[in-house]
Amino acid sequence: MTQLSPAQKPAAGATAEPTAKPVKDNPKSLYGGTSSRRITVRDIAAAKERGEKWPMLTAYDAMTASVFDESGIPVLLVGDSMGNCHLGYESTVPVTLDEIAILSAAVVRGTKRALVVADLPFGSYQEGPVQALRSATRLVKEAGVSAVKLEGGERSAHQVELLVSSGIPVMAHVGLTPQSVHAYGGYPVQGRGEEAAQQLLRDAKAVQDAGAFAVVLEAVPAELAAEVTRSLHIPTVGIGAGVECDAQVLVWTDMAGFTAGRVPRFVKQYLQLRELLGGAARAFAEDVVGGAFPAEEHTFH
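Reading the values: the criteria
- Residues numbered from 1 in each chain as written.
- Predicted model: local features only at pLDDT ≥ 70, side-chain atom pairs only at ≥ 80, totals over all residues.
- Heavy atoms only, no water.
- UniProt positions renumbered as here; feature names shortened; annotations may be inferred.
- Pairing = 2+ DSSP bridges.
- Helix = DSSP H or I, 4+ residues; strand = E, 2+ residues; numbered from the N terminus.
- Axes fitted to C-alpha atoms, helices over the stretch in contact; angles between N-to-C directions.
- Phe/Tyr/Trp six-rings, centres within 6.5 Å; stacked < 30°, edge-to-face > 60°.
- Buried < 20%, exposed > 50% of the residue type's maximum accessible area, 1.4 Å probe, protein only.
- Expected span 1.5 Å × (residues − 1).
- Core = buried A, V, L, I, M, F, W, Y, C linked by side-chain atoms within 4.5 Å.
- Contact = heavy atoms within 4.5 Å.
- Left-handed = near helix turned anticlockwise from the far one by under 90°.
- Nonpolar A, V, L, I, M, F, W, Y, C, P; charged D, E, K, R; others polar.

For the chain, an unreviewed UniProt entry supplies the name 3-methyl-2-oxobutanoate hydroxymethyltransferase and the organism Streptomyces yunnanensis. Quoted straight from UniProt, the Subunit (unreviewed entry) entry for the chain says "Homodecamer; pentamer of dimers." Under the heading Sequence similarities (unreviewed entry), UniProt records this for the chain: "Belongs to the PanB family."

Next up, the structure:
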């Protein structure tokens, strides 16, 4: 998922209080439920039937994943967004299957309850269904993820169909697909205009018919995303797609204010982690330079 679209940031140091409360009257709820077993795609389908909305965040390491897991986030995506916010690439395109596998395994080890979904990176499934199956099988067997995500609607339907028929759950991704950044010439909103809207709707239905258990809608007009959500029996996961989607996902470094510079318009920052961590680093440095650290309580004799 892209992080490069311009947007206004909240005021420095600003935080936002959550408005939603955990669902406590249903132990099966994805967020706020009491079940300690790992969430499955059947739970995701049941949430759609209940009309339950749920949150998803990205994660790229065991420690961060454990925090989100303990916080009740039901689905964690090991996204190729790691290219932008974790590995220092300019886009998601350079991310390799090896990198996805290593970080996915770490996220799985750091979690107990969350459904862990791993992205299939650019070049790991575009050749066709057999290549997609080979790549996805590696992530399931080596990294231990429960599902994979791939970009594309009608053009990726055959890949989705083979993976699902082989026992690998698939989350699809339509609308703005960041792996196509060079074809787009940037990260434009998708689905504007009648023809584009109809194509997006066809894409979403194609991956549903192929067996996807959910579909991400990225950078899509809210009205179109609402129509897609009403038209599908599988959940939609919005990112820049309005409030009517069944679920919402954010890149965690955007959500927590860790990303440098401007963040996408659709991001809400719930923390200013970059400021806080920088302040802690400066305080440590000043203690070292001034001789205040290590103090006696930090010293062995």
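So, about the sheet that holds strand β2 (residues 75-78). Taken together, the 8 strands give a closed barrel; going around it, the order is β1-β2-β3-β4-β5-β6-β7-β8, and neighbouring strands pair in parallel fashion. Looking at each pair of strands side by side, their axes are set apart by 25° on average, direction ignored.

Our next topic: the packing of aromatic side chains. Counted under the stated rule, the structure contains 3 aromatic pairs. Ring geometry for Phe-68 and Trp-252: centres 5.9 Å apart, planes at 70°, overall edge-to-face. With Phe-68 in helix α2 (residues 62-70) and Trp-252 in helix α10 (residues 252-255), the pair connects residues that are 184 residues apart, well separated along the chain. The pair formed by Phe-68 and Trp-252 is uniform in burial state, with each residue classed as buried. Taking 5.8 Å as the distance between ring centres and 40° as the angle between the ring planes, the aromatic pair formed by Trp-252 and Phe-258 counts as tilted. A relative accessible area of 26% means that Phe-258 is categorised as partly exposed.

For Gly-110, the location among the structural elements is in the loop between α4 (97-109) and β3 (115-119). Remark: the alpha-carbon pair of Gly-110 and Val-67, spanning 43 residues in sequence, is separated by 8.6 Å.

Before going further, it helps to examine helix α11 (residues 273-290). With 18 residues, α11 ought to run about 26 Å at 1.5 Å a step, and its terminal C-alpha atoms sit 26 Å apart, in line with that. Once α11 ends, the next one or two residues include Gly-291, with phi positive near 80°.

Time to look at the nonpolar core. Inside soluble globular proteins, nonpolar side chains tend to come together where they are buried. Counting residues in each nonpolar core, the largest one holds 61 residues, and the members touching the most others are Leu-76, Leu-139, Leu-163 and Leu-217. Apart from residues lying up to four places away in sequence, Leu-139 is in contact with Leu-97, Ile-100, Ala-101, Ala-118, Asp-119, Leu-120, Gly-144, Val-145 and Val-148. The next biggest cluster of nonpolar side chains, apart from the first, holds 19 residues, and it includes Met-56, Val-75, Leu-115 and Val-237.

At a minimum axis distance of 9 Å, the contact between α4 and helix α5 (residues 129-143) shows a crossing angle of 35°. α4 and α5 meet at a crossing whose hand is right-handed. On the side of α4, the interface is formed by Leu-97, Asp-98, Ile-100, Ala-101, Ser-104, Ala-105 and Val-108, while α5 contributes Ser-135, Arg-138, Leu-139 and Ala-143. A class-by-class count of the residues in the contact of α4 with α5 yields 7 nonpolar, 2 polar and 2 charged.

Before going further, it helps to examine unusual backbone geometry. The omega torsion across Phe-293 and Pro-294 is 0°, close enough to zero to call that bond cis. With respect to the secondary-structure elements, Pro-294 resides in the segment after α11. Although it is not a glycine, Ala-219 sits at a positive phi angle of roughly 50°. Mapped onto the fold, Ala-219 is located in the loop between β6 (214-218) and α9 (222-231).

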